Amino acid sequence: MIDKSTASLVEVLSQIKDGSTIMIGGFGTAGQPAELIDGLIELGIKDLIIVNNNAGNGDYGLAKLLKTGAVRKIICSFPRQSDSWVFDELYHAGKIELELVPQGNLACRIQAAGMGLGAVFTPTGFGTLLAEDKETRHIEGKDYVLEYPIKADFALIKAHKGDRWGNLVFNKSARNFGPIMAMAADVTIAQVSEVVELGQLDPEHIITPGIFVQHVVSVEATSPVAVQ
């Protein structure tokens, strides 16, 4: 019997080792798997490479992880906003490496990994520092930059509900990067507000099929922030 559900955060997160590359879902705090991040912090894993849309907000979730010094490098689109003081301090102190990727390119490169593509040509970034030392090509009158897929050892994502087969449905904008990250990681761990019985999820509403999910963890939100 296939059963990917578990109630133990420690059990599923303990397979993550020092030096892992981890995709973390979320657009800001919307859809951010805060409880999985808290569990990661408790395990004390270090030297991580994190892929996320931004570099944390306030002292919550991803920012809380950065503050522990566990992250060696972050790959993201928006490292700075009004409440990114944790990242700002680390970056200016030379304690974290940044790979800046335009948001469309970030999504495209993650999708490329999930689809098994070798690389993609994109016009975004051509003629800028973001294209420095990268292959370029002129195709049908337009200039493009070659970008390689972004893969990960693990993806930590947040969904609304899941079943024991790993099928997931999301709540509105909390969906964001979760589905494509699940496709691009070797192991996907999804936190959900409820694990339902097989057949209770409308097949037409399932966004991420269970083939891309290895673990489903039912958790209670511990923060009132971004309860999506």
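See the structure shown above.
Quick summary incoming for the structure in this document. Note that the structure is predicted; figures quoted are calculated from it, not measured.

The rules behind the values
Counting from 1, residues in each chain are numbered in the order their sequence is written. Where local features are concerned, this predicted model is filtered to residues with pLDDT of at least 70; where side-chain atom pairs are given and counted, the filter is 80 or more; whole-chain, interface and lining totals use all residues. In computing side-chain values, all of the structure's heavy atoms are included and hydrogens and water are not. Segments assigned H or I by DSSP are reported as helices when at least four residues long, segments assigned E as strands when at least two residues long, and all are numbered from the N terminus. Put simply, the radius of gyration uses C-alpha atoms, and a globule should come to 2.2 Å times the residue count raised to 0.38. Relative accessibility under 20% of the residue-type maximum defines a buried residue, over 50% an exposed one, and the middle range a partly exposed one, all with a 1.4 Å probe and only protein chains included. What makes two residues a contact is simply this: any of their non-hydrogen atoms within 4.5 Å. Polar contacts here mean pairs of N or O atoms no more than 3.5 Å apart (in protein, one a potential hydrogen donor and the other a potential acceptor; neighbouring residues in sequence count only if both atoms are side-chain atoms). In this description, strands pair whenever DSSP reports at least two bridges between them. Orient the strands so they point away from the viewer; a crossover is then right-handed if the path from the first strand over the helix to the second runs clockwise. To qualify as a nonpolar core, a set must consist of buried Ala, Val, Leu, Ile, Met, Phe, Trp, Tyr and Cys residues joined through side-chain atoms within 4.5 Å.

**A look at the overall build of the protein chain**
Thought 1: Counting its secondary structure elements, the protein chain contains six helices and 14 strands.
Thought 2: The C-alpha radius of gyration computed for the protein chain amounts to 18 Å, which stays within 12% of the reference 17 Å derived for 228 residues, consistent with globular compactness.
Thought 3: Across its three principal directions, the C-alpha atoms of the protein chain cover 50 × 40 × 30 Å.
Thought 4: Taking all 228 residues of the protein chain together, the buried fraction comes to 49%.
Thought 5: The long-range fraction of contacts in the protein chain, counting pairs at least 24 apart against all pairs at least 6 apart in sequence, stands at 75%.

**So, the side chain of Asn 54**
Thought 1: Looking at the secondary structure, you find Asn 54 in the loop between strand S3 (48-51) and helix H3 (62-67).
Thought 2: Given the relative accessible area of 3%, Asn 54 is considered buried.
Thought 3: A polar contact is formed between the side chain of Asn 54 and the side chain of Asn 57, at a distance of 3.0 Å.
Thought 4: Excluding residues within four positions of it along the chain, Asn 54 makes contact with Gly 28, Leu 62, Ile 74, Cys 76, Phe 78 and Gln 81.

**A short note on the pairing of S3**
Regular strands place side chains that alternate from one sheet face to the opposite one.
Thought 1: Of the two faces of S3, the one carrying Leu 48 and Ile 50 and the one carrying Ile 49 and Val 51 are both buried.
Thought 2: By the bridge criterion, three bridges tie strand S2 (residues 21-24) to S3 in an arrangement that is parallel. Residue pairing in the sheet places Thr 21 in a bridge with Ile 49 of S3.
Thought 3: On the question of chirality, the crossover connecting S2 to the parallel S3 by way of helix H2 (residues 34-43) is right-handed.
Thought 4: The parallel pair S3 and strand S4 (residues 71-76), bridged by H3, forms a crossover whose chirality is right-handed.

**What about the sheet that holds strand S13 (residues 194-196)?**
Thought 1: Strand order in the open sheet made by the three strands is S11-S10-S13, with mixed pairing throughout. Two strands lie at the open edges of the sheet, namely strand S11 (168-169) and S13, each paired on one side alone.
Thought 2: Relative to S13, strand S10 (residues 161-163) is paired through three bridges, and the arrangement is parallel. Among the inter-strand pairings, Gly 162 is bridged to a residue of S13, identified as Val 195.

**Digging into the side chain of Thr 122**
Thought 1: By the element assignment, Thr 122 lies in strand S6 (residues 120-122).
Thought 2: Residue classification places Thr 122 among the buried positions, given a relative accessible area of 8%.
Thought 3: At 3.0 Å, the side chain of Thr 122 forms a polar contact with the side chain of Asn 105.
Thought 4: In contact with Thr 122, other than residues within four places in its own chain, are Asn 105, Tyr 144, Val 145 and Glu 147.

**What about the nonpolar core?**
Thought 1: Ile 22, Ile 50 and Leu 65 are the most contacted members of the largest nonpolar core, which totals 30 residues.
Thought 2: Examining the composition of this core, we find that four residues originate from one element, H3, more than from any other.
Thought 3: If sequence neighbours within four positions are ignored, Ile 50 has contacts with Ile 22, Ile 24, Leu 62, Leu 65, Val 71, Lys 73, Ile 74 and Ile 75.
Thought 4: Counting 26 residues, the second-largest nonpolar core is a separate cluster that includes Val 51, Ala 155, Ala 185 and Val 192.

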